[in-house]
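Fold and contact review
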Amino acid sequence: MEIERKFLIDTLPENISQYPFRQLEQGYLCTEPVVRIRREDDDYYLTYKSKGLMVREEYNLPLTKDAYQHLLPKIDGILITKKRYLIPLSEKLTIELDIFEDALAPLVLTEVEFTSEEEANAFTPPEWFGEEVTYSTKYHNSTLSQRKP
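Report follows, based on the coordinates. Small disclaimer: the values here were computed from a predicted structure and weren't measured.

For Q26, the position within the fold is in strand β2 (residues 21–31). According to the relative accessible area criterion, Q26 is buried, its value standing at 0%. A distance of 3.0 Å separates polar atoms of two side chains, one belonging to Q26 and the other to Y28. Among all residues touching Q26, those that are not within four sequence positions of it are R36, I37, R38, I78, L79, I80, K82 and N141.

Let's shift gears to the side chain of K6. Inspection of the secondary structure assignment puts K6 in strand β1 (residues 2–8). With a relative accessible area of 6%, K6 lands in the buried category. From its side chain, K6 meets the backbone oxygen of Y139 in a polar contact 3.0 Å long. What K6 contacts, discounting residues up to four positions off in sequence, is L109, T110, E111, E131, E132, V133, T134, Y139, H140 and N141.

The rules behind these values
Residues numbered from 1 in each chain as written. Predicted model: local features only at pLDDT ≥ 70, side-chain atom pairs only at ≥ 80, totals over all residues. Heavy atoms only, no water. Helix = DSSP H or I, 4+ residues; strand = E, 2+ residues; numbered from the N terminus. Buried < 20%, exposed > 50% of the residue type's maximum accessible area, 1.4 Å probe, protein only. Polar contact = N/O pair within 3.5 Å; in protein donor to acceptor, adjacent residues only side chain to side chain. Contact = heavy atoms within 4.5 Å.

So, in structure tokens, the structure goes:
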């Protein structure tokens, strides 16, 4: 189960370069239901996500590099590329800040994942977070992938 809240970011934190980041690329084989392939640095995954906004089922299966490359030409829409910074927020919470590249630049989104709906609903975002878009499918990566380059 994935429980997350998502926000637009207008201004990056000043110290962004001090945090670790991962280079991601992901494409969608299907958007209803969501079936995604992702490369995260040197790791590869096939992911299924159910419908939903703040709460969705999510299943990740490992892929080999060869399987990922075989599926890559089969994606529908654009290949999303982004840097994901991992910013500790508390002992339990991490901000995942995505700086989109190529066709989706200069979009910047952040997500915070939670262990329960109660925890998610009680969350107060930092002041530097912008508009909350948790309940908008417009900012799902599967929707963003359908933009024309």
